[in-house]
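Listed below, chain by chain, are the residues.
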Amino acid sequence: MAFSPSVTLSNSLHNSLVSKIKIGLIGVGLRGRSSLNLLLNRNDVIIHSICDIDQNAIDASKKLFKQFDKKIPKVFNENDYSYRDLLRQKNIDAVIISTPWKWHFKMAIDAMNEKKYVGMEVGGALNIKECWDLVNTHEETGTHLFILENVCYRRDVMAVLNMVRQ
């Protein structure tokens, strides 16, 4: 998560500086909690809601909120489609999707259709048609989709890339 939410989203969302961006997290397993940890360190973000079908992931996330002395957000964890209830929350500006790959595409499409900005871990589309569906949904809704990837910039990965190029 190498962007500043208040700078990146503010002009698009409200045409003026926004003090805090309200975010929902869909998937708070290991990768999702990594993003959660980064977000809890920021003062320009409010984590409004979290969603995961794994109660252990929810419990571990709640512990993080307590560690950071932050309010525990709304929790959505009834079933595989509880993320849709999170997306229907009117006061969420953006979501971060950190679920198993097979869910990324559908969740991103649903989020953009609910006018939520989307940060999605890689693996978002499993074929060319899904790639075009993501592009078309962005164009139809005007909401943006950010692909979140950082592994390709790790020091060891960059070293291997450098060796291959040489």
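Structure's up top.
Because the structure is a prediction, the values reported are computed rather than measured.

A.B. asks: What should I look at first to understand unusual backbone geometry in this one?
C.D. replies: Comment: phi is negative for the bulk of residues other than glycine, and the bulk of peptide bonds are trans. In the Ramachandran plot, Asp69 falls in the positive-phi region, its phi being about 55 degrees despite a non-glycine side chain. Note that Asp69 resides in the loop between helix H4 (55-67) and strand E3 (74-76). Phi at Lys115 takes a positive value of approximately 65 degrees, unusual for a residue other than glycine. With respect to the helices and strands, the residue Lys115 is situated in the loop between helix H6 (101-113) and strand E5 (117-121).

A.B. asks: I tried to follow the environment of Leu25 on my own but got confused; where do I start?
C.D. replies: Assignment of secondary structure puts Leu25 in strand E1 (residues 21-26). Between the C-alpha atom of Leu25 and that of Ala94, which follows or precedes it by 69 residues, the distance is 8.7 Å. Apart from residues lying up to four places away in sequence, Leu25 is in contact with Gly32, Leu36, Leu39, Ile47, Ser49, Ile50, Cys51, Leu86 and Ile96.

A.B. asks: Please clarify how the pairing of E5 should be interpreted in this entry.
C.D. replies: A regular strand carries its side chains on alternate faces of the sheet. In terms of burial, E5 is largely enclosed, as five of its five residues are buried. Residues Tyr117, Gly119 and Glu121 point to one face of E5 and Val118 and Met120 to the other, with burial holding for every one of them. By the bridge criterion, four bridges tie strand E4 (residues 94-97) to E5 in an arrangement that is parallel. Within the sheet, the bridge partner assigned to Ala94 lies in E5 and is Tyr117. With respect to chirality, the unit in which E4 leads through H6 into the neighbouring parallel E5 is right-handed. Each parallel crossover has a hand, and the one from E5 via helix H7 (residues 128-141) to strand E6 (residues 145-148) is right-handed.

What counts as what
- Residues numbered from 1 in each chain as written.
- Predicted model: local features only at pLDDT ≥ 70, side-chain atom pairs only at ≥ 80, totals over all residues.
- Heavy atoms only, no water.
- Helix = DSSP H or I, 4+ residues; strand = E, 2+ residues; numbered from the N terminus.
- Contact = heavy atoms within 4.5 Å.
- Buried < 20%, exposed > 50% of the residue type's maximum accessible area, 1.4 Å probe, protein only.
- Pairing = 2+ DSSP bridges.
- Right-handed = clockwise from strand over helix to strand, strands pointing away.

Everything listed here is a matter of geometry and, on its own, says nothing about what the molecule does.
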